[in-house]
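A closer look at the structure
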Amino acid sequence: MPVLPGAEPFHHEGGEVGVLLCHGFTGSPQSLRPWAEYLAERGLTVALPLLPGHGTRWEDMQLTGWQDWYAEVDRELRALRERCSQVFVFGLSMGGALALRLAAKHGDEVSGIVVVNPANKVHGLTAYALPVVRHFVRTVAGITSDIAKDGGIEIGYDKVPLHAAHSMRNFYRLLDGELPQVTQPMLLLRSPRDHVVPPADSARVLSRVSSVDVTEILLEQSYHVATLDHDADRIFEESFAFVSRLAPAAGKEAGAGQAGQQEGTATGG
């Protein structure tokens, strides 16, 4: 199936410090594209893949599960590790959960994690009904475009495929048991007015990880998709400062990266 316009993956060959960005459930790389471009302009090597079943039509996602989504970001991380001396993993919502599992499983190969409104659980009666209801009801209303900024639009599905949602629920339950294996420095940014993921999810992540170097920042002006919202610039700046602190080479590459961007070296696809 053709990819929805604007939902294409993004890759940029920069310096020896790499960043892998993971988008959220039913969303697409579009929600993180400005973040990826910001990092690319500063000389970082950037990978922003399209998760299987996403960015086309919801029927395609109905045939995929968390193992498919995780396998894709795991493959991208391994490719970055071959290319870069240090790699960081960023994620939004379910993408934050994927980032946390990569950190838990890859250990020192991941230098740090940045998560925005990370998801940790499917809440409410929906969670208990999913195992049965998914066999009778194919979809429920979508969760995209929770953005405070006027005109903010997230490219994604207007329906949530319930087979995929059930798989995501199982993934969160698995990851919760793996969070103590996360030891890397972590920057967590969350929106108090998030209508998709409640504050309890971020609190759970913070209480379960074993990381010592942890920073939490509140995004007071944004909803769930904060990377496309009023606090987007702050997310970009804080995350680059986080990388620069832990990977000094990142700061040195900034000037070269900006020059390269002017020459059109950043590519989509």
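Being a predicted model, the structure only gives us computed values, none of them experimental.

A word on the overall build of the protein chain
For the protein chain, the count of helices and strands is nine helices and 10 strands. Expressed as a percentage of the 269 residues in the protein chain, the buried residues total 55%. Of the contacts made within the protein chain by residues no fewer than 6 positions apart, 78% connect residues no fewer than 24 positions apart. Just so you have it, the protein chain exposes about 11000 Å², and 51% of that area is on carbon and sulfur atoms.

Side note on the nonpolar core
Among the nonpolar cores identified, the biggest contains 44 residues, and Leu20, Phe25, Trp69, Leu98 and Leu100 are the most heavily contacted of them. Taken together, the elements giving at least two residues each to this core come down to β2 (17-22), α2 (58-61), α3 (66-83), β4 (86-92), α4 (94-106), β5 (112-116), α6 (162-178) and β8 (186-190). Per element, the largest residue contribution to this core is eight residues, and it comes from α4. Those residues in contact with Trp69 that lie beyond four places of it in its chain are Phe25, Leu51, Pro52, His54, Met61, Thr64, Met94, Leu98, Ala164 and Met168. Of all hydrophobic cores here, the second largest spans 34 residues; its members include Tyr38, Leu44, Leu48 and Phe240.

Side note on the UniProt feature "site: Important for substrate specificity" (unreviewed entry) in the protein chain
Under the feature "site: Important for substrate specificity" (unreviewed entry), the UniProt entry names Ile143. With respect to the element layout, Ile143 can be found in the loop between β6 (139-141) and β7 (159-161). Overall, Ile143 belongs to the partly exposed group, its relative accessible area being 33%. Discounting chain neighbours no more than four positions away, the residues touching Ile143 are Phe25, Thr26, Val160 and Val196.

Considering the environment of Leu102
Note on placement: Leu102 falls in helix α4. Sequence-wise, Leu102 and Asp74 are 28 residues apart; in three dimensions their C-alpha atoms are separated by 6.8 Å. Those residues within four positions of Leu102 in sequence are excluded, and the remaining contacts are Leu20, Tyr70, Val73, Asp74, Leu77, Val89, Gly107 and Val110.

A few points about the packing of aromatic side chains
With the rule as written, the count across this model stands at seven aromatic pairs. Where Trp35 meets Phe90, the ring centres are 5.0 Å apart and the plane angle is 25 degrees; that geometry is what we call stacked. Separated by 55 residues along the polypeptide, Trp35 in helix α1 (residues 33-41) and Phe90 in strand β4 bring together distant segments of the chain. By the burial criterion, Trp35 is buried, and Phe90 matches it. With a centroid separation of 5.3 Å and an interplanar angle of 20 degrees, the aromatic rings of Trp66 and Phe171 are classed as stacked. A residue pair is termed long-range when its members are at least 10 positions apart, and Trp66 in helix α3 and Phe171 in helix α6 qualify at 105 residues. An aromatic cluster is defined as three or more aromatic residues linked by ring pairs; in this entry it consists of Trp35, Tyr38, Phe90 and Phe236. Stacked on the ring of Tyr38, the Lys or Arg Arg42 has its end atom at 3.6 Å from the ring centre. Positioned above the aromatic ring of Tyr70, the side-chain terminus of Arg101 is 4.7 Å from the ring centre.

Calculation criteria
- Residues numbered from 1 in each chain as written.
- Predicted model: local features only at pLDDT ≥ 70, side-chain atom pairs only at ≥ 80, totals over all residues.
- Heavy atoms only, no water.
- Helix = DSSP H or I, 4+ residues; strand = E, 2+ residues; numbered from the N terminus.
- Buried < 20%, exposed > 50% of the residue type's maximum accessible area, 1.4 Å probe, protein only.
- Contact = heavy atoms within 4.5 Å.
- Areas by Shrake-Rupley, 256 points an atom, 1.4 Å probe, with all protein chains shown as cover.
- Core = buried A, V, L, I, M, F, W, Y, C linked by side-chain atoms within 4.5 Å.
- UniProt positions renumbered as here; feature names shortened; annotations may be inferred.
- Phe/Tyr/Trp six-rings, centres within 6.5 Å; stacked < 30°, edge-to-face > 60°.
- Lys NZ or Arg CZ within 6 Å of the ring centre and 35° of its normal.

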